[in-house]
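Given next are the chains, with one letter for each unit.
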Amino acid sequence: MSRTAEYIRIVGLNVSYDGITPAVSNLDMQVAEGDFVAVLGPSGCGKSTLLHAISGVVLPQSGIIEIAGQPVGTGRGDQSVPIGYVFQEHRLLPWRTVAQNIAIVLRAAGISDEEIDLRIDRYLEMLHISEYRDTWPLRLSGGQRQRVSIARALAIQPAVVLMDEPFSTLDEVTARVMRQQLAELWQESGQTLVFVTHSIREALFLANRIFILTRGPASVFDVVDVPVARPRRYEDPQLTELEAQIVEHVMDEWGYGQPRAGDDDA
Amino acid sequence: MSVPILLWWIGSHTTTFVPPMGEVLRKMPEFLSEEDIWPDVLLTVQRVAGSLMIALSLGFGAAYVMHKGGLWGRVVDRYVGLMLGIPSTIAALLSLYIFKRSELGVYFVVSIVTFPFVALTLLQGLRAADRRLDEMGDVYRLPTSQHARHISAPHLVPYTFAAIRNEYAHAWKVVVLAELFAVNSGMGARFARAFDRFRIDDAMLWLIIFMIILLATEYLLLLPSERRALRWRGSGKEALL
């Protein structure tokens, strides 16, 4: 089966929360079906806003966002393009059990009750958290909650999974284990995945391609392919070398090199 | 509980009009076996529950409008502020003038006195809503009904319990007061009748019934319901559902 080269197609995207201050400016991006891409940018550059726009919760001022050839829908109840979203914090409903948290989004996606049960079991098992099926989220550790959040995103079998720095609040050891599991899960599922991060090493470890953003408002500064075979090791010298190259490459753009025209001298 | 008992004990030993505790309690079985007290007890309970439901509905509506803001939000906000300052006695007299000795008057006075407090408590809940959970609901395209059921309503549960708990005791006081002024039935009216006839024993027995109902509602109804509704917060025991 052929895979669409422009599964996610973003052209001339402009987003602003208040209508005055731009958060995303004239951004173009194409992501192939089944690809794992990272969006890399400094803190506050507009990475999360870009994901909000792709998910349809923020309306762009102008530009095109299409997934699988369909414009991204907005509004409650709209099911045109199912999207899985893993937030920086888990965003589980504390008053619903793990299974109920997943069931709610599956029901909203129009999945039958019988199928819901099967999917909950399958994805909890996939993320090694089956034993917590009937547990309240407040009883889980940060890593377990984020696993549930990932299970929720994957269980709707979305067209695209968006991840917004999902491991940034976890301790480093847990984050490494989670990254490894995510890489394996992606290889198994083959879903299109857009992963936002400010960590160059994380982007290099996980993604096939990295969209490097400007320091804000966000537009694409460069696109880097990661020619490292999988499975990857986090300490791989090849990744270290690529990391050094990217750091050098973005230094000026992210404001750590020579001052740019118009920058504040103070 | 120990403070009223202590006060009673002191009162009965230092005055001649407060009867000793033992004497009153000895009359309790006989008092409870009188058939004509129960219709009045039930009538008062019904008035408290009914008017509290009305106050909750009005309070939720007012809180929602105030939270939305705009012209109506400001109007309701001023109205709620005004109602907060009206003493229960004035409200009871007002209801007597408007509704005469009608049953509606009792419901009116209790609802009008208690709903502003309910509105303020629920408004706090609406203002404390977690926008991040709303955003999660929007990302996963939860329909409005599911959004309300799974995100908004559960968030308001602790605030609703706080409002019920505060206003339940308040509603009892106002109902008894309204029964004194506006109608000639219910526990308030029976209490006033006993007092008018200098039957202090009966007045104390009605007072005990009043306290028993309040405590029973708190410990047998409100607390267990609250514990069940908020069990996700608690000791971390696994879900019952």
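Treat the numbers as computed from the prediction; the structure is a model and nothing was measured. (Residues numbered from 1 in each chain as written. Chains lettered and ligands numbered in written order. Predicted model: local features only at pLDDT ≥ 70, side-chain atom pairs only at ≥ 80, totals over all residues. Heavy atoms only, no water.)

1. Regarding the overall build of chain A
Stated formally: Numbering of helices and strands runs from the N terminus, with a helix taken as a DSSP run of H or I at least four residues long and a strand as a DSSP run of E at least two residues long. For the radius of gyration, the atoms used are the C-alpha atoms, and the globule rule reads 2.2 Å times the number of residues raised to 0.38. Each residue's exposure class comes from its accessible area (1.4 Å probe, protein chains only) as a fraction of the maximum for that residue type: buried when under 20%, exposed when over 50%, partly exposed otherwise. Each accessible area value is a Shrake-Rupley result obtained with a 1.4 Å probe; residue values ignore everything except the protein chains displayed when judging cover. The convention is simple: Lys and Arg are positive, Asp and Glu are negative, and His and the chain ends are not counted. By convention, charge coordinates are those of NZ in Lys, CZ in Arg, CG in Asp, or CD in Glu.
In terms of regular secondary structure, chain A is built from seven helices and ten strands. For 266 residues, the compact-globule estimate of 2.2 N^0.38 gives 18 Å, and chain A sits close to it at 19 Å. In terms of overall dimensions, chain A has C-alpha extents of about 60 × 45 × 40 Å along its principal axes. Across the 266 residues in chain A, those meeting the buried criterion constitute 52%. A total accessible area of about 11500 Å² is found for chain A, and carbon and sulfur atoms account for 49% of it. Averaging the coordinates of the 23 positive side-chain charges in chain A and doing the same for the 35 negative ones gives two points 5 Å apart.

2. Topic: the overall build of chain B
Each helix and strand counted, chain B has ten helices and zero strands in total. Taken from N to C terminus, the helices and strands of chain B fall in the order α-α-α-α-α-α-α-α-α-α. For chain B, the spread of C-alpha atoms along the principal axes amounts to about 70 × 50 × 35 Å. The proportion of buried residues among the 241 residues of chain B is 45%.

3. Here's the deal with the pattern of salt bridges
For clarity, the threshold we go by: Whenever Lys or Arg places a side-chain nitrogen within 4 Å of a carboxyl oxygen from Asp or Glu, that contact is recorded as a salt bridge.
By the definition in use, this model includes 26 salt bridges over all chains. The salt bridge involving Asp-113 of chain A is made with Arg-107 of chain A; its shortest N-O contact spans 3.5 Å. We note a salt bridge from Arg-165 of chain B to Glu-226 of chain B, for which the minimum N-O separation is 3.0 Å. Remark: Glu-226 of chain B occurs in helix H10 (residues 200–229) and Arg-165 of chain B occurs in helix H8 (residues 144–181); sequence separation between them is 61 residues. The structure contains a network of salt bridges with shared partners spanning Glu-89 and Arg-91 of chain A together with Asp-130, Arg-132 and Glu-135 of chain B.

4. Some remarks on the interface of chain B and chain A
Going by this rule: Two residues form a contact once any of their heavy atoms are found within 4.5 Å. Once two parts are joined, some of their accessible surface, as seen by a 1.4 Å probe, is lost; buried area is that loss totalled over both.
Contacts between chain B and chain A engage 25 residues on the former and 35 residues on the latter. Between chain B and chain A the total buried area reaches about 2900 Å² when both faces are included, carbon and sulfur atoms providing 61% of it. The largest per-residue losses of area from chain B upon contact with chain A belong to Tyr-140, Arg-141 and Trp-232 of chain B, which jointly make up 31% of the total buried on that side. Across the chain B-chain A interface, the total number found is two salt bridges.

5. Here we look at the environment of Leu-162 of chain A
All names here are of chain A. Tracing the sequence through the fold places Leu-162 in strand E7 (residues 160–164). Expressed as a C-alpha distance, the spacing of Leu-162 and Phe-195, which sit 33 residues apart in the sequence, is 6.1 Å. Sequence-distant contacts of Leu-162, defined by excluding residues within four places in its chain, comprise Leu-51, Ile-54, Ser-55, Ile-83, Gly-84, Tyr-85, Val-86 and Val-194.

6. Remarks on the side chain of His-150 of chain B
Filter applied, for reference: Polar contact is defined as a pair of N or O atoms within 3.5 Å, subject to the rule that within protein one atom must be able to donate a hydrogen and the other to accept it, and that residues adjacent in sequence are counted only when both atoms are side-chain atoms.
Residue placement: His-150 of chain B occurs in helix H8. At a separation of 3.1 Å, a polar atom in the side chain of His-150 of chain B contacts the side chain of Arg-96 of chain A. Among all residues touching His-150 of chain B, those that are not within four sequence positions of it are Leu-93, Trp-95, Arg-96 and Ile-104 of chain A.

7. Let's talk about a nonpolar patch on the surface
Heads up, the rule is: Like charges are joined within 9 Å and nonpolar side chains (Val, Leu, Ile, Met, Phe, Trp, Tyr) within 5 Å, but only among residues with over 30% relative accessible area and no salt bridge; these make up the patches.
Where nonpolar side chains cluster on the molecular surface, the patch consists of Val-247, Met-251 and Tyr-256 of chain A and spans about 290 Å² of accessible area. Along the chain, Val-247 of chain A turns up in helix H7 (residues 237–250).

8. What to know about the pairing of strand E10 (residues 220–225) of chain A
All names here are of chain A. The line we're drawing: Strands qualify as paired when DSSP identifies two bridges or more between them.
For strand E9 (residues 209–213) and E10, the ladder comprises five bridges, and the chain directions are antiparallel. Of the residues in E10, the one forming a bridge with Ile-212 is Asp-222. With antiparallel pairing between neighbouring strands as the criterion, E9 and E10 make up a hairpin whose turn holds six residues, including Gly-216 at a positive phi of roughly 120°.

9. Comments concerning the sheet that holds strand E2 (residues 22–31) of chain A
Residue and element names in this part refer to chain A. Within the open sheet, the four strands sit side by side as E2-E1-E4-E5. Their pairing is antiparallel. Of all strands in the sheet, those bounded by a partner on one side alone are E2 and strand E5 (70–71). Pairing of strand E1 (residues 8–16) with strand E4 (residues 62–67) involves five bridges; the strand directions are antiparallel. The residue of E4 that forms the bridge with Arg-9 is Glu-66.

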